[in-house]
Amino acid sequence: MSRHFHIATMGCQMNEYDSDHVAQLLQAEDFKPTEDPRGADLILINTCAVREKAEQKAYSLLGRMIGLKKRRSRVLIGMMGCIAQQQGSSLLERFPGLDFVIGTKELETVPRVFENLTKGGGRIVAADLTKLSIFSQSNPGYFKDRIKSFVTIMEGCDNFCSYCIVPYVRGREVSRPPDEIIKEINELVEQGVKEVTLLGQNVNSYRSSENQGKGFSSLLGKLNNIEGLLRIRFTTSHPKDLSDDLIGCFKDIEKLCPHIHLPLQSGSNHVLKSMKRGYTREHYLNLVEKLRRVNPDVAITSDMIVGFPGETESDFDLTLDMVKRIEFDNIYSFKYSDREGTLASGMERKVSLQKRAERLRILQQFQKEITLRKNQELVGQEVEVLVEGKSKKGNELTGRTGSNKVVNFCFNSELLGNLVRVRIKNAYANSLKGELIHGFSISSTGVLDGKWEN
Ligand code: 5AD
Ligand code: SF4
């Protein structure tokens, strides 16, 4: 009888990538994936520790999963990811129904741990941060029917921003060799993947032994030559390390999508200093100007934290001022939360929870209007869309522009995985609606011409 596994993934793309790879390892051991945890023999929760809210969500999900054991006693439950790395064995003490804890660098042990436990072994913690992680264990077939995929190019972070838990739970920066990355992408392309998003906490400091100073832009140049790959994206960039060389890629690397996620975090120099970000608002504005000079269409998105310890009303106004000046395409904004062991958690002059919530509301409303206005500017324009599948409502096709905006449009034929041209008709806060420009589409092999009935 086949065994089933269920993985609940929380947090960033890095976790999604890790969950995929654990899924591959399990499938290689004849496990089958299931969406329904009630039918699983193994339940894994891949957790995020970056903000307090994510941590609370993980614990409440764990509580619910442990509840399932009452009806299905032989199910094994494991916690992986950043909380697992940070908390280690204390999780086993706190949650008697939890069977094992696997840190961020020991994912490959999951199948072995499962076998051990089913044979009657004791509860296990594997959370050695000094191990080199597996990165990739390809198993053709898993990515089938997928148009886009993440590819980790580096792990860890050396920056130690004062609010951030990541360096403590993901370890120091380690880059993957270019050949390994190219091999993985080639395999993905063979399985039908058309777009890859390269992942790293700070891709700008990607280093390959053969090309020290220009590691990341040189990697992009190589990936641009992969036949069948249509689009390349990357995330995340750190403003202090964004080189002119990489900015130039938005002009020179044709498959690189015109979108950069460049977390600003705060518009106040005094807060940026206390966050240990290593740049000023002036430096950031200069980067935006250079990016837009190289490619006026480049979409810029950002992360912002409100209510950092010591943030005054005028600091917050400076954040709003940056949002107004730059007109980001979108931002992800968060209330500051203390993370155990970070420098900021020990800082004085904490902003009240009420103020944090109020500032978040103001910032989000401010940006919402900008996002909508920018989307409205696209009405009447022609955009290039990579078709990813059916829209949420199921009656339209959906895809994204190079600038990463969601476009839905009507078409009754199979265009999955093709680049098509769409004219934008309506703009909303989170998506655009368009109409296929008939008789013209760009396929994976170049231009595909055809007459389609709508
Ligand atoms: N509190 C609030 N937001 C945080 N982030 C990281 N750490 C914290 C924290 N302690 C946000 C940053 C980062 C994003 C992934 O999460 O904006 O860019
Ligand atoms: Fe965290 Fe700063 Fe590293 Fe980003 S660059 S992961 S915010 S420490």
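### A few points about helix α1 (residues 13-28)
Move 1: With 16 residues, α1 extends 23 Å from end C-alpha to end C-alpha; this agrees with the ideal 22 Å at 1.5 Å per step.
Move 2: Counting buried residues in α1 gives twelve out of 16 residues, a clear majority hidden from the surface.
Move 3: Turning to α1, its buried residues number three or more, namely M14, N15, Y17, D18, S19, D20, H21, V22, A23, Q24, L25 and L26.
Move 4: Once α1 finishes, D30 follows within two positions and takes phi at roughly 70°, a positive value.

### Quick look at the sheet that holds strand β11 (residues 231-235)
Move 1: The sheet built from three strands is open, its strands ordered β7-β10-β11 with parallel pairing. The open sheet terminates on both sides in strands that have one partner only, identified here as β7 (148-152) and β11. When strand polarity is set aside, the average angle formed by the axes of neighbouring strands in this sheet is 25°.
Move 2: Of the pairings in the sheet, the one linking β7 to strand β10 (residues 195-199) comprises five bridges and is parallel in character. Residue V151 lies in a different strand from β10, and its bridge partner there is L198.

### Some words on the confidence of the model for the chain
Low pLDDT marks stretches whose predicted atomic positions should not be read closely.
Move 1: The predicted model of the chain averages 90 in pLDDT, with 92% of residues at 70 or higher.
Move 2: Contacts for the low-pLDDT stretch residues 444-454, under 50 throughout, to residues beyond four places or in other chains number 31 contacts.

### Focus: the site of ligand 2
Move 1: Taken together, C157, N159, F160, C161, Y163, C164, V166, P167, Q201, H238 and R277 make up the full set of residues near ligand 2.
Move 2: For the shell around ligand 2, a count of residues per class yields seven nonpolar, three polar and one charged.

### Some thoughts on the packing of helix α7 (residues 178-190) against helix α8 (residues 215-224)
For any two helices packed against each other, the geometry comes down to the angle between their axes and how far apart the axes lie.
Move 1: Between α7 and α8, whose axes approach to 11 Å, the crossing angle comes to 30°. The interaxial crossing formed by α7 with α8 has right-handed handedness. Residues P178, I181, I182 and I185 of α7 pack against L219, K222 and L223 of α8.
Move 2: When the residues that make up the contact of α7 with α8 are grouped by side-chain class, the tally is six nonpolar, no polar and one charged.

### Here we look at the environment of D321
Move 1: With respect to the helices, strands and loops of the structure, D321 is situated in helix α12 (residues 313-326).
Move 2: Residue class for D321 comes out partly exposed when judged on its relative accessible area of 25%.
Move 3: Reaching out from D321, the side chain makes a polar contact with the side chain of R281 at a distance of 2.5 Å.

### Considerations on the nonpolar core
Move 1: If you look at the biggest cluster of nonpolar residues, it comprises 51 residues, and the most contacted ones within it are I185, L198, F216, L220, F234 and Y284.
Move 2: If we skip the residues at most four places from it in the chain, L220 touches L198, I232, F234, L246, C249, I253 and L256.
Move 3: Formed by 25 residues, the second largest nonpolar core is a distinct cluster that contains M10, I43, M65 and V101.

Definitions and cut-offs
Residues numbered from 1 in each chain as written. Chains lettered and ligands numbered in written order. Predicted model: local features only at pLDDT ≥ 70, side-chain atom pairs only at ≥ 80, totals over all residues. Heavy atoms only, no water. Helix = DSSP H or I, 4+ residues; strand = E, 2+ residues; numbered from the N terminus. Expected span 1.5 Å × (residues − 1). Buried < 20%, exposed > 50% of the residue type's maximum accessible area, 1.4 Å probe, protein only. Pairing = 2+ DSSP bridges. Axes fitted to C-alpha atoms, helices over the stretch in contact; angles between N-to-C directions. pLDDT = per-residue confidence, 0-100. Contact = heavy atoms within 4.5 Å. Near = heavy atom within 4 Å. Nonpolar A, V, L, I, M, F, W, Y, C, P; charged D, E, K, R; others polar. Left-handed = near helix turned anticlockwise from the far one by under 90°. Polar contact = N/O pair within 3.5 Å; in protein donor to acceptor, adjacent residues only side chain to side chain. Core = buried A, V, L, I, M, F, W, Y, C linked by side-chain atoms within 4.5 Å.

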